[in-house]
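Chain by chain, the residues run as shown.
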Amino acid sequence: MIGDAVNRVDGPAKVTGQATYAYEYQEEDVLYGVVITATIARGQIQTIDVSDAEQAPGVRAVLTHQNVPAQGVRDESLPWAYWRAHPTISSAEIHHYGDAVGLVVATTLEQAQAASRLVRIEYKAAAGHFDLRQRDDEAYVPAALPAGFPVDTAVGDFETGFDAAACKIDQHYVLPWYFAQPMEPNACLAIPQGEDFVVYVGTQIVDAARASIAATLQIEPERIRVISPFVGGGFGSKLRVHAETILAVLAAQQLNRPVKVALTRRQIVDVVGARPASIQRVRLGAGLDGRLTALAHEAIIHTNPEEEFADPIAVSTRSLYAAPHRMTRHRLVQLDVLDGEDVRAPGEASGLLALESAMDELAHAIDLDPVELRLRNEPERDPERDVPFSERRLVECLEQGAARFGWSRRRNRPAALRDGRWLIGYGVAAATRVQPQMATTVGVRIEPDGSAVVLSDMTDIGTGTYTILTQLAAEELGLPIDRVRVELGRSDLPRSMGSGGSWGAPSSSLALHNACQNLRQQLARAASSDARSPLHGTEPTATVFSDGHLVAGALSEPVSDIVARNHPAGIEAQGDSVAMFDDPNYANFSIATYGAHFAEVRVDADTAEIRVSRMLGVFAPGRILNAKTARSQLIGGMTFGMGMALLEGTVPDPRTGAFVNTDLAEYLVPVHADIADIDAIFVDGFDDKANPLGVKGLGELGICGSAAAVANAVFNATGVRVREFPITLEKLLPALRGIPALNGNEP
Amino acid sequence: MPSTFQAAADIAMEAAVGRGENDFKIELARNTLRRTLADVVAMADRSVS
């Protein structure tokens with residue numbers, strides 16, 4: 001059962017419209033809120049005139065900094081920002097273009113939209129800074145990286161090692177801002193119930209949403225009930241609540257009416273945080289055989305003055321390749337651009353694009369196959385922490401991928417493979433992602449009829465949580481899948497760390513595994529001590545669940561009979577997963593996931609049009625819980641990586657700080673038609689150091705390194721190295737002049 | 001020695017003036033014109049044969 005490619009158990013509900021998302025809940029007397037956003041990047045609101053808006057048809061309230069109640073402040077001592085208060089429109093200060101400055105609430109959405117345009121705001125604008133390259137001399141050391149990673153690391157003497165290297169690569173890679181943009185926009189329906197609130201919100205972490213709302217309103221979390229059973233994609237943008245949620249709750253509180261607020265697609269860009277822009281310097285020193293002797297990865301990263309966020313860009317560099325002399329460094333530059341947040345594999349997604357591009361540059365410089373280069377630099381132990389790897393298998397991924405992809409057809413010399421007008425190139429890159437495991441509690445209940453219910457405030461953000469927990473419970477309890485029901489996404493359920501950072505599946509499945517163990521023990525003890533049971537007198541620890549029965553050797557009894565006799569209302573048990581910070585294995589081993597990406601691109605020699613004709617990912621993410629949902633996540637991530645390489649990137653207007661491409665017409669993401677042939681496969685794995693289930697997170701592994709594979713394929717096709725992403729036509733075309741045009745049939 | 005099609009494309013784009021960041025469009029137009037002329041001739045050759 002575990003690992004089978006079971007169809008999504010929530011699929012029928014989703015395709016028949018039975019899965020209800022936050023904004024879709026219907027409530028009598030609901031009011032609609034429209035967020036107003038700032039049109040300057042830095043400064044203050046001087047005057048705000050809401051008189052016309054307040055008189056507009058249907059308007060019930062206009063919230064601004066002048067009338068909004070006092071809110072809690074961010075508690076920087078909380079280790080995860082998602083739990084902190086999120087004060088909104090609480091002052092006249094503007095911190096970035098698109099900062100929320102007000103909310104118009106009306107009887108209909110159209111009335112609220114119309115009235116929002118009647119609010120007149122005068123600003124006192126200050127000069128802002130929006131260009132990372134112009135401010136890199138202002139870089140400073142961040143207070144911390146997420147999850148407690150060290151800000152800087154050093155082993156050996158990098159500078160000496162680099163100076164002495166026979167071959168040196170020293171390059172800068174420039175990455176823009178990236179956005180999450182899930183299908184379901186950030187949205188909230190807040191319903192006052194006396195002094196309490198019911199909050200329907202699309203969130204990745206139910207407990208964080210509740211805590212953040214409570215801290216902002218300065219009330220006890222128990223007074224807020226969060227409901228989020230279906231989430232239409234997160235990608236990091238729903239790890240924390242944003243203006244739409246806080247303003248909906250504040251308006252509901254003020255008006256004592258249900259209030260719905262959703263961000264528009266363009267407002268998501270302005271209000272919800274971005275993956276920060278970065279400038280990354282990678283230095284590789286190697287012998288002529290390709291063996292690295294020195295490795296440095298330094299990242300300069302944007303942050304907003306309002307709240308520091310240090311994208312852990314160089315963390316994956318610390319364990320990927322062997323090199324005796326090495327260093328990593330993170331520095332921040334404050335810009336008047338919206339806050340940085342976790343977006344689609346924070347850290348690795350950006351960092352591996354630079355590191356794996358540099359590795360490709362090294363391979364080219366010494367005329368070595370880039371797969372072979374990576375194999376030659378495989379470390380025996382974690383090269384910075386000096387601990388063993390728990391389960392790595394990167395070599396297998398590279399070798400299997402190369403064989404399956406037909407890597408031998410690649411020419412080491414760029415621009416050497418051609419099909420008519422198309423220049424063909426192959427690229428490879430390694431993938432790695434940290435394996436975070438978080439404290440999570442899951443409950444499991446056996447009903448009187450013997451069916452099971454899994455209970456957790458864990459979320460399913462489209463990744464397949466309902467399905468994997470159903471499979472796992474069915475396996476552990478010896479039940480068919482249709483006898484297991486999973487309830488998620490409510491704050492009255494056992495508390496989890498939700499979905500994000502690839503921690504959702506390993507944390508919740510481990511907790512469920514432990515819950516099932518506890519439940520089995522309870523039932524076994526009940527049967528063993530019950531003279532009416534065929535299992536009377538058996539050893540409780542020697543029992544298993546099988547086919548709806550509790551079994552001890554040759555003896556068995558239907559679980560429903562044990563429950564009916566001893567627990568007529570049903571029986572419930574809980575299990576916990578241990579956070580990686582409290583599990584000694586995570587200190588004693590280097591625990592991560594790995595993989596290898598292969599890409600084939602075709603570049604039109606005349607127009608520089610790039611087509612990705614094939615992508616293959618081979619991954620080692622530990623034990624697979626569901627082959628179908630795992631593959632879906634991985635190919636989704638690989639597609640994101642293709643977008644990073646060729647399409648994605650948001651550009652601020654240097655005059656105003658406004659992002660100029662704020663919708664999906666101009667912020668380009670790949671679609672199905674952009675990739676002709678994509679596949680993800682696994683090498684069999686089981687990481688017993690990660691947890692007893694052998695499971696690790698894989699949600700973000702697919703994006704890690706895939707952008708570099710595509711970029712490296714573009715270089716192999718053309719001989720042109722673009723280091724400022726995305727690789728767009730205007731950057732590539734002028735450099736293609738040296739390549740002979742297709743003149744065969746021209747006079 | 002530029003091809004006839006290249007020469008035609010060069011002449012067609014002779015008066016085009018770039019503005020820095022859109023300079024590539026002139027080259028793109030030139031290349032596209034040259035390629036289109038070649039494609040059209042190739043199509044004509046195929047239809048004759």
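Residues numbered from 1 in each chain as written. Chains lettered and ligands numbered in written order. Predicted model: local features only at pLDDT ≥ 70, side-chain atom pairs only at ≥ 80, totals over all residues. Heavy atoms only, no water.

Draft legend 1. Geometry of the interface of chain A and chain B. Each side of the interface is counted separately: chain A has 14 residues, and chain B has 12 residues. Taken together, the connections running from chain A to chain B amount to four salt bridges. Taken together, the links from chain A to chain B amount to five residue pairs in polar contact (both at pLDDT 80 or more). Each residue belonging to the side of chain A that touches chain B can be placed in one class, and the counts come to five nonpolar, three polar and six charged. (Contact = heavy atoms within 4.5 Å. Salt bridge = Lys/Arg side-chain N within 4 Å of Asp/Glu carboxyl O. Polar contact = N/O pair within 3.5 Å; in protein donor to acceptor, adjacent residues only side chain to side chain. Nonpolar A, V, L, I, M, F, W, Y, C, P; charged D, E, K, R; others polar.)

Draft legend 2. Structural view of the pairing of strand β26 (residues 610–620) of chain A. Residues and elements named next belong to chain A. The buried count for β26 comes to 10 of 11 residues, which makes it a mostly enclosed element. In the sheet, strand β25 (residues 592–604) pairs with β26 via 10 bridges, with the strands oriented antiparallel. Bridge pairing in β26 links Val603 to Ile610. Here β25 folds back onto β26, and the loop between the two strands holds five residues, one of which, Ala608, carries a positive phi near 65 degrees. Across five bridges, the pairing between β26 and strand β27 (residues 678–682) is parallel. (Buried < 20%, exposed > 50% of the residue type's maximum accessible area, 1.4 Å probe, protein only. Helix = DSSP H or I, 4+ residues; strand = E, 2+ residues; numbered from the N terminus. Pairing = 2+ DSSP bridges.)

Draft legend 3. Structural context of helix α6 (residues 243–255) of chain A. All names here are of chain A. Its 13 residues give α6 an end-to-end C-alpha distance of 18 Å, which sits within 8% of 18 Å, the value for a rise of 1.5 Å per residue. Where burial is concerned, most of α6 is hidden: 10 out of the 13 residues are buried. Those residues of α6 that sit buried are Ala243, Glu244, Thr245, Ile246, Leu247, Ala248, Val249, Leu250, Ala251 and Ala252. Directly beyond the C-terminal end of α6, a positive phi value near 55 degrees is found at Asn256. (Expected span 1.5 Å × (residues − 1).)

Draft legend 4. Highlighting the confidence of the model for chain B. Summing up the model confidence of chain B, the mean pLDDT is 89 and the portion of residues at 70 or higher is 94%. Scored as a complex, the prediction yields pTM 0.96 and ipTM 0.91. (pLDDT = per-residue confidence, 0-100.)

Draft legend 5. A look at the pairing of strand β17 (residues 422–434) of chain A. All names here are of chain A. Among the 13 residues of β17, 12 are classified as buried, and the element is accordingly described as predominantly covered. What sits between strand β16 (residues 418–419) and β17 in their antiparallel hairpin is a turn of two residues, with Gly420 showing a positive phi close to 60 degrees. The sheet contact formed by β17 and β25 spans 13 bridges and is antiparallel. Paired with Trp422 across the bridge in β25 is Asp604.

Draft legend 6. Seen up close, the sheet that holds strand β7 (residues 153–155) of chain A. All names here are of chain A. Taken together, five strands build an open sheet; the order of strands is β7-β15-β14-β13-β8 and the sheet is mixed. Single-partner strands in this sheet number two, and they are β7 and β8 (167–175). Between one strand and the next, the sheet's axes are offset by a mean angle of 10 degrees, whatever the strand orientation. Examined bridge by bridge, strand β14 (residues 292–303) and strand β15 (residues 325–334) share 10 bridges and lie parallel to one another. In the sheet register, Ala299 faces β15, and the bridge partner there is His330. Packing against the sheet, helix α9 (residues 348–365) makes contact with β8, β13 (278–286) and β14, and its axis sits at approximately 145 degrees to β8. (Axes fitted to C-alpha atoms, helices over the stretch in contact; angles between N-to-C directions.)

Draft legend 7. Fine view of unusual backbone geometry. Residues and elements named next belong to chain A. Backbone torsion omega between Phe725 and Pro726 reads 0 degrees, so that peptide bond is classified as cis. As for its placement among the helices and strands, Pro726 is situated in the loop between α17 (706–718) and α18 (729–732). With a phi close to 60 degrees, Ala147 is a non-glycine residue in the positive phi region. Summarising the element assignment, Ala147 is placed in the loop between β6 (120–125) and β7. The partly exposed category is assigned to Ala147, whose relative accessible area is 25%. Even without a glycine there, the phi angle at Arg344 is positive, about 40 degrees.

Draft legend 8. Fine view of the sheet that holds strand β10 (residues 196–201) of chain A. All names here are of chain A. Taken together, the seven strands give an open sheet; going across it, the order is β3-β5-β1-β12-β9-β10-β11, and neighbouring strands pair in mixed fashion. Two strands bound the open sheet, and with one partner strand each, they are β3 (59–64) and β11 (224–227). Averaged over all pairs of adjacent strands, the angle between strand axes in this sheet comes to 20 degrees, irrespective of strand direction. Direction of pairing for strand β1 (residues 31–37) relative to strand β12 (residues 259–262): parallel, over a ladder of three bridges. Following the sheet pairing, Gly33 is matched in β12 by Val261. Lying over the sheet, helix α3 (residues 109–116) contacts β1, β3 and β5 (100–106), oriented at roughly 25 degrees with respect to β1. Across the face of the sheet, helix α5 (residues 206–217) comes into contact with β10 and β11 while running at roughly 145 degrees to β11.

Draft legend 9. Summary view of the packing of α5 of chain A against α6 of chain A. Residues and elements named next belong to chain A. Here α5 crosses α6 at 55 degrees, and the two axes come no closer than 10 Å. In this view, α5 runs oblique relative to α6, as classed from their interaxial angle. Between α5 and α6 lies a crossing of right-handed hand. Mapping the contact onto sequence places Ile213, Thr216 and Leu217 in α5 and Thr245, Ile246, Val249, Leu250 and Gln253 in α6. For the contact of α5 with α6, the per-class residue count stands at five nonpolar, three polar and no charged. (Parallel < 35°, antiparallel > 145°, perpendicular 65-115°, else oblique. Left-handed = near helix turned anticlockwise from the far one by under 90°.)

Draft legend 10. Structural context of the packing of aromatic side chains. Residue and element names in this part refer to chain A. As enumerated under the stated definition, the model contains 16 aromatic pairs over all chains in all. Ring geometry for Trp407 and Tyr426: centres 6.2 Å apart, planes at 40 degrees, overall tilted. Of this pair, Trp407 sits in the loop between α11 (394–405) and β16 while Tyr426 sits in strand β17, and the two are 19 residues apart along the sequence. Tyr426 matches Trp407 in its accessibility class, with the two residues each being buried. By way of ring pairs, the aromatic residues Trp80, Tyr82, Trp83 and Trp503 are connected into one cluster. If you follow Arg283 out to its NZ or CZ, it ends over the ring of Phe162, 5.8 Å from the centre. Lying over the aromatic face of Phe589, Lys689 brings its terminal NZ or CZ to 5.1 Å of the ring centre. (Phe/Tyr/Trp six-rings, centres within 6.5 Å; stacked < 30°, edge-to-face > 60°. Lys NZ or Arg CZ within 6 Å of the ring centre and 35° of its normal.)

Draft legend 11. Highlighting the confidence of the model for chain A. With 99% of its residues at a pLDDT of 70 or more, chain A has an overall mean of 95. Long-range and interchain partners of residues 742–747 of chain A, a stretch whose pLDDT sits below 50, account for 13 contacts in this model, where long-range means more than four residues apart.

Draft legend 12. Molecular detail of α3 of chain A. Residue and element names in this part refer to chain A. Among the residues of α3, Ala112, Ala115 and Ser116 are the ones counted as buried. Buried residues of α3 fall within an arc of 100 degrees about the axis and therefore sit on the same side. Looking at the buried side of α3, the elements it contacts are β1, α2 (51–55), β3 and β5. (Arc of directions from axis to C-beta.)

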